[in-house]
Amino acid sequence: MARIMRKGKLLLAYIKDRRARRVSYRHRSKGFVKLVSELCILCGADGCAIVCGPYPDLKPQAWPTDQPEMQHVLMKFNSISLEERHMKMLNHRSFLNNQITKLDDKSQKQERENRNEELSKIVRQALNGKRSAVNRTDLGDLNNTGNSTAIIMIPNPSTNYTRSYANRGYGMDNGFEFNGGVNAES
């Protein structure tokens, strides 16, 4: 009777039981070689795999089994200059550095979007009369972040309020003046 194993998250840790570790090595090395062969067949890529384990009585797993074909792939790999080889190779440190850089860029982009949204919200509230006045402490550093939105404080003689407008398409509203905004990049 076949034993059904549930698929779940696998805990990757050293297998302490010697027999279980050996069985796992044999199954996984065969699976790895099979994956490499499938990748080469399905995608038309040149590749080879050699798996040598810690067990001297088990011979190494290799694919392709045809020696001239394996030598061709290895010669092709060795003909590539070291600089080109290392250009696309990643070790753990360079992989993590790339991930950190990508996440930093993503974080900075999200911060800019959040600042722009907050600025837009403040201006909308001021224009709709939900905010009596906009002062510099409300805006914080929203205008000093290098974005292209500039705040213009326009006193309106008909009221005692100072209204704030930005170059986000806000026009005449509630009888307040609007001078078209200022683009910080120009």
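Here the structure is shown first, and the text comes after it.
What counts, and where the lines are drawn
- Sequence order as written defines residue numbering, which begins from 1 separately in each chain.
- Under the rules for a predicted model, residues below a pLDDT of 70 receive no local features and side-chain atom pairs below 80 are neither given nor counted, while totals for whole chains, interfaces and linings still include all residues.
- Side-chain calculation: all heavy atoms of the structure are included, whereas hydrogens and water are not.
- In DSSP terms, a helix is any run of H or I states spanning at least four residues, a strand is any run of E spanning at least two, and both are numbered starting from the N terminus.
- Exposure categories follow from relative accessible area, calculated using a 1.4 Å probe and restricted to protein chains: below 20% of the type maximum is buried, above 50% is exposed, and the middle band is partly exposed.
- Throughout, a residue-residue contact means that at least one pair of heavy atoms, one from each residue, lies within 4.5 Å.
- Here the accessible surface of atoms and residues is derived via Shrake-Rupley with a 1.4 Å probe, and residues count as covered only by protein chains that are part of the display.
- Classification of ring pairs rests on two measures: the distance between centres of Phe, Tyr or Trp rings, Trp counted by its six-membered ring, which must be within 6.5 Å, and the angle between planes, read as stacked under 30 degrees, edge-to-face over 60 and tilted in between.
- By definition, being over a ring means that NZ of Lys or CZ of Arg is both within 6 Å of the ring centre and within 35 degrees of the ring normal.
- As used here, the term nonpolar core means buried Ala, Val, Leu, Ile, Met, Phe, Trp, Tyr and Cys residues forming a set that is joined through side-chain atoms within 4.5 Å.
- By definition, a salt bridge exists where a carboxyl oxygen of Asp or Glu is found within 4 Å of a side-chain nitrogen of Lys or Arg.

> Just give me the short version of the overall build of the protein, but keep the residues and values in it.
Of regular secondary structure, the protein possesses five helices and four strands. When the elements of the protein are put in sequence order from the N terminus, they spell out α-β-β-α-α-α-α-β-β. Looking at the protein as a whole, 21% of its 186 residues qualify as buried. Long-range pairs, those at least 24 residues apart, make up 42% of the contacts in the protein between residues at least 6 apart in sequence. Total accessible area computed for the protein in this model is approximately 15100 Å², and 54% of it derives from carbon and sulfur atoms.

> Run through the packing of aromatic side chains, naming residues and quoting values.
Using the criterion set out here, one finds one aromatic pair in the structure. Between Tyr-25 and Tyr-55, the aromatic rings sit 5.5 Å apart at their centres with planes inclined by 55 degrees, giving tilted as the arrangement. One end of the pair, Tyr-25, is in helix H1 (residues 18–43); the other, Tyr-55, is in the loop between strand S1 (49–51) and strand S2 (61–63), with 30 residues separating them in the sequence. The two residues Tyr-25 and Tyr-55 agree in class, both being buried. In this arrangement the basic side chain of Arg-22 is found over the ring face of Tyr-55, its NZ or CZ atom lying 5.1 Å from the centre. The aromatic ring of Phe-77 is capped on one face by Arg-85, whose charged end is 4.7 Å from the ring centroid.

> Now, about the nonpolar core: what can you tell me, with residues and values included?
If you look at the biggest cluster of nonpolar residues, it comprises eight residues: Tyr-25, Val-33, Val-36, Cys-40, Ala-49, Val-51, Tyr-55 and Trp-63. Elements represented by at least two residues in this core include exactly H1 and S1. Counting residues per element, this core draws most heavily on H1, which supplies four residues. With sequence-adjacent residues up to four places away left out, Cys-40 is seen in contact with Ala-45, Asp-46, Gly-47 and Trp-63.

> Kindly report on the side chain of Ser-29, identifying the contributing residues and their values.
On the secondary structure map, Ser-29 appears in helix H1. With near-sequence residues (within four places) excluded, Ser-29 lies in contact with Val-51 and Gln-61.

> With reference to specific residues and values, describe the pattern of salt bridges.
Opposite charge on two side chains lets them pair, provided their charged atoms get close. The tally for this structure, following the rule as stated, stands at four salt bridges. The closest approach of N and O atoms between Asp-46 and Lys-76, which form a salt bridge, is 2.7 Å. With Asp-46 in the loop between H1 and S1 and Lys-76 in helix H2 (residues 67–79), the pair connects residues that are 30 residues apart, well separated along the chain. The class for Lys-76 is partly exposed, based on a relative accessible area of 44%.

Functional significance is not addressed by these values, which are geometric in nature.
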